[in-house]
Amino acid sequence: MDAATAMRAGLNSKHSCGHLPVPLLGVRARGEIRGTAARLTLAQRFRNDSDLPLEAVYTFPLEEGSAVTGFEVEIGGRRVTGEVEERDQAFKLYDDALAKGHGGYLLDEELPDVFRLSVGNLPPRGEATVTLSVVSELLREGEALRFLLPTTIAPRYAPVEDRVGVGESREALLNPPREPAVPYGLDFQAEIDLGRPLASVESPTHPITVELLDGNRARVSLGARLAAMDRDLVLLVTPREAGQPQALVERDPRGGWAAQLSFAPRIEGASAPSEVVFVIDCSGSMEGQSIDEARSALQLCLASLTPAQRFDVVRFGSTWQRLFGESRPYDQASLEAARTFVGGMQADLGGTEVLPALASVMVQELVPGLPRQLVVLTDGQVTNSDEVVALLRRHSGDTRVFAFGIGAGVDSRLVKGMARAGEGAAEFIEPGERLEPKVLRQLRRLMTPAFTSLRVDWEGASPRQAPHFVPPVFADGRVIVYGLGDGDLPKEAVLRARGPAGEVEWRLPIDPAAASEGTLLGTLAARALIRDLEEGMSPLHTRRGSLQQRGKSAQARVDQEVVALAKAYGLASRHTSFVAVERREAPTEGEAVLVKVPIALQHGWGGQRAAAAFPSAVFRAMAPKAAAAQLQKARPMAEEFDGLCCEILAPDSSTDRDFALEASGSRPLRAGAAGGGPLGTVVALQRFDGSWDLTEKLAALLGKKVGELLARIDAQNHQARKALATALALAWLEREAADREDEWCLLAEKARRWLDACGVAAPGAGWQQLAEELLTARV
């Protein structure tokens, strides 16, 4: 624990007081989505309605990889701008200001996706608005760009070592007080300009309103005036021409340059043999929709494997349990055993002990000749994400990691960090989202060859590059690389890689005349460089994360590099904080009382239904009449600042439903999955090798009788019966489930491969033609 944290822990233990009204009135977010990046301003408004000076502490999330680039406080008609200082020095300035009766404002990064804001010496009846400037890179999700604004931190399980220590433990740092509902809400609006025509804008998490400004630009607002802050806000922005390679360059005011290279390699290849280990979170926090989604995703994964794979399934919580104990060949017996095992999974294994579960897989001997692929499905709610990422990084030479984040408040730092460390990929499944496209994208990545040994040559320049170790790229993937340099821009950038057919390269010309003026790309590049340093993937480390020089001096050099970058580009980091001091002519008298702002419990966490936005813990503790009076008093008070406080939302409010809105109009998300109905029956009847058996159950689903179907073939030929059943199932899928092809396309590919290799000729024009004739014929 650093000195600043230890000092703060001591203050907290002496002055904490949790019975005062919540001082946070609300959060206003204004965003700009430009190209593949987003700028966001977050205004957090505080008011002290007590008779004592307050020190308000608010712990909140940001998107993993975001860079906080600005910190400004407005109080009493004055504005104070924060500066970046080393963490201990920032706290000292803040603490000194409070001791002298002045205002102090401090922003600390606890993890790359968890921040803590301290508003010190807020006087009685005083108000302060803290505005943060944030930039982030957008994740690609299929053809769409994914914008994420997290609003709450789900309860994080802490192993024993994170629950103890001097002063405030890691568990306490990452688990602020929570309530079923809080008396403040989110006001959100964003403008979108990708520089190319838009195909759609939708949200799987919130009702939204989309106003098209022209073919390239749109304005997005919440469908309701305010939203409860109990789940992530996600926007999916799809351009008409997605995945095009691009080189963006920027000149900063100091004469340097920054570049963002976006490559979109295309790779094709047959399914490659591998060992696949599925690791499923069955801890208590997965109760409800999250475990349902995990089961559905895993059943789809199992159905889509091929006989080229070996596999095993591990479920974990406080303990872990393996289905087979070691990977087994993928055959009918192992598939049926796995389907039964997964079908009975419940969120009943206690705490989220992900580290020992992953370690148990890593100690297993590798299968000779088969690369190991790890598929992790979790809500990622743990305090020891650094240790998990470090473990996977050490084994990245022999184990690739594909991670799914499931639920409304996923720890994106852990999920993305696991994928980066394991040189794989990450996908996120929000409540109500269709999981099939995401699962199938991951399976395609897992089962097809990748481009590896990637490197970028900056022709005519030698910038600092992030990521330093460029990760592999998979089918339909995208590679984003940043460069920070001085002097002349490179003439072009060349991405070189090793593919299934040997060495390949892609060239991106760089036009100096197209360079813009600004600091956006430079800031994103600096944040990416800091992430490399923090995760052990910088030029100072080996590819597996070890420091090239051992001992404290080597780690000190890494820390110095982080501080230098953070101060040069004005960024919060683990080693630097924003601090602002408001010097008062009449210092505030009396010792400030610490109030920790509660955050909303994540929607659906542990299977619980979220409560309405009011009342808070203060209101709930009162008698009904007093609570109602306080509620009526709070409503107009909260509406003063552009409505930055939640309205009362009924439990069946639209905030409990999942909506999407395309540019052309609104439509509800379709939540179907292959796990139920006729489609689910067809999928469940498929055998491991891709074939179907001609059973009464399949025939009934097709509206036929077995005898009627067998009349057209040699009924004694077992292989012919299977070929006919497989052709019939494929024809049914194409006729009756064409709108859900993304759910069964991999299963159909497996079936066609089996049919081509079955060795039995069909009567007439072929199996497909025969199947069509039989399906269309009347009984």
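Residues numbered from 1 in each chain as written. Predicted model: local features only at pLDDT ≥ 70, side-chain atom pairs only at ≥ 80, totals over all residues. Heavy atoms only, no water.

Novice: Teacher, can you tell me more about the overall build of the protein here?
Specialist: A count of helices and strands for the protein gives 19 helices and 38 strands. Counting across all 779 residues of the protein, residues that qualify as buried make up 58%. For the protein, the share of sequence-separated contacts (at least 6 apart) that also reach a separation of at least 24 residues comes to 76%. Carbon and sulfur atoms provide 50% of the accessible area of the protein, an area that totals close to 30,100 Å². (Helix = DSSP H or I, 4+ residues; strand = E, 2+ residues; numbered from the N terminus. Buried < 20%, exposed > 50% of the residue type's maximum accessible area, 1.4 Å probe, protein only. Contact = heavy atoms within 4.5 Å. Areas by Shrake-Rupley, 256 points an atom, 1.4 Å probe, with all protein chains shown as cover.)

Novice: In this structure, what is going on with helix H14 (residues 677–685)? I would like to understand it.
Specialist: Residues three or four positions apart in an α-helix share a direction because the helix packs 3.6 residues into each turn. If you check which residues of H14 are buried, you get Leu 679, Gly 680, Val 682 and Val 683. On an axial view of H14, the arc spanned by its buried residues comes to 160 degrees, and they lie on one face. On its buried face, H14 is in contact with helix H4 (289–304), helix H5 (332–343), helix H15 (696–701), helix H17 (718–736) and helix H18 (741–757). (Arc of directions from axis to C-beta.)

Novice: Looking at this model, I keep getting lost on the pattern of salt bridges. Mind explaining?
Specialist: Where charged atoms of side chains with opposite charge meet at close range, the side chains can pair. Counted by the stated rule, this structure contains 56 salt bridges. Between Glu 534 and Arg 527 there is a salt bridge, with the nearest N and O atoms lying 3.8 Å from each other. Its relative accessible area of 4% is what places Arg 527 among the buried residues. Arg 752 serves as the salt-bridge partner of Glu 734, at 2.9 Å between the closest nitrogen and oxygen. In this pair, Glu 734 is assigned in helix H17 and Arg 752 in helix H18, connecting sequence segments 18 residues apart. Assessed through its relative accessible area of 32%, Arg 752 is described here as partly exposed. (Salt bridge = Lys/Arg side-chain N within 4 Å of Asp/Glu carboxyl O.)

Novice: Help me understand the sheet that holds strand E14 (residues 198–202) in this model?
Specialist: Either a parallel or an antiparallel arrangement is found when strands of a sheet pair, and the pairing is made through backbone hydrogen bonds. The 4 strands lie next to each other as E10-E11-E18-E14, forming an open sheet whose pairing is antiparallel. Only two strands of the sheet have a single neighbouring strand rather than two, namely strand E10 (139–141) and E14. Neighbour-to-neighbour, the strand axes of this sheet turn through a mean angle of 30 degrees, independent of strand direction. Inspection of the sheet shows strand E11 (residues 144–149) paired to strand E18 (residues 233–239) by 5 bridges, in the antiparallel sense. Residue pairing in the sheet places Phe 147 in a bridge with Leu 235 of E18. (Pairing = 2+ DSSP bridges. Axes fitted to C-alpha atoms, helices over the stretch in contact; angles between N-to-C directions.)

Novice: Teacher, can you tell me more about the side chain of Ser 50 here?
Specialist: Take Ser 50: it is sitting in the loop between strand E2 (37–47) and strand E3 (54–61). Reaching out from Ser 50, the side chain makes a polar contact with the side chain of Asn 48 at a distance of 2.6 Å. Within the structure, the side chain of Ser 50 is placed 3.0 Å from the backbone oxygen of Leu 52, a separation counted as a polar contact. When sequence neighbours within four positions are dropped, the list of residues in contact with Ser 50 reads Leu 20, Pro 124 and Arg 125. (Polar contact = N/O pair within 3.5 Å; in protein donor to acceptor, adjacent residues only side chain to side chain.)

Novice: Even after reading the chapter, I still don't get the packing of helix H6 (residues 354–362) against helix H7 (residues 385–394), so can you show me in this structure?
Specialist: Across the interface, H6 lies against H7 with an axial gap of 10 Å and an inter-helix angle of 10 degrees. Considered as vectors, H6 and H7 are oriented roughly parallel to each other. Residue-level inspection shows Val 354, Leu 355, Leu 358, Ala 359 and Met 362 of H6 in contact with H7, the latter providing Glu 387, Val 388, Leu 391 and Leu 392. Among the residues forming the contact of H6 with H7, the class breakdown is 8 nonpolar, no polar and 1 charged. (Parallel < 35°, antiparallel > 145°, perpendicular 65-115°, else oblique. Nonpolar A, V, L, I, M, F, W, Y, C, P; charged D, E, K, R; others polar.)

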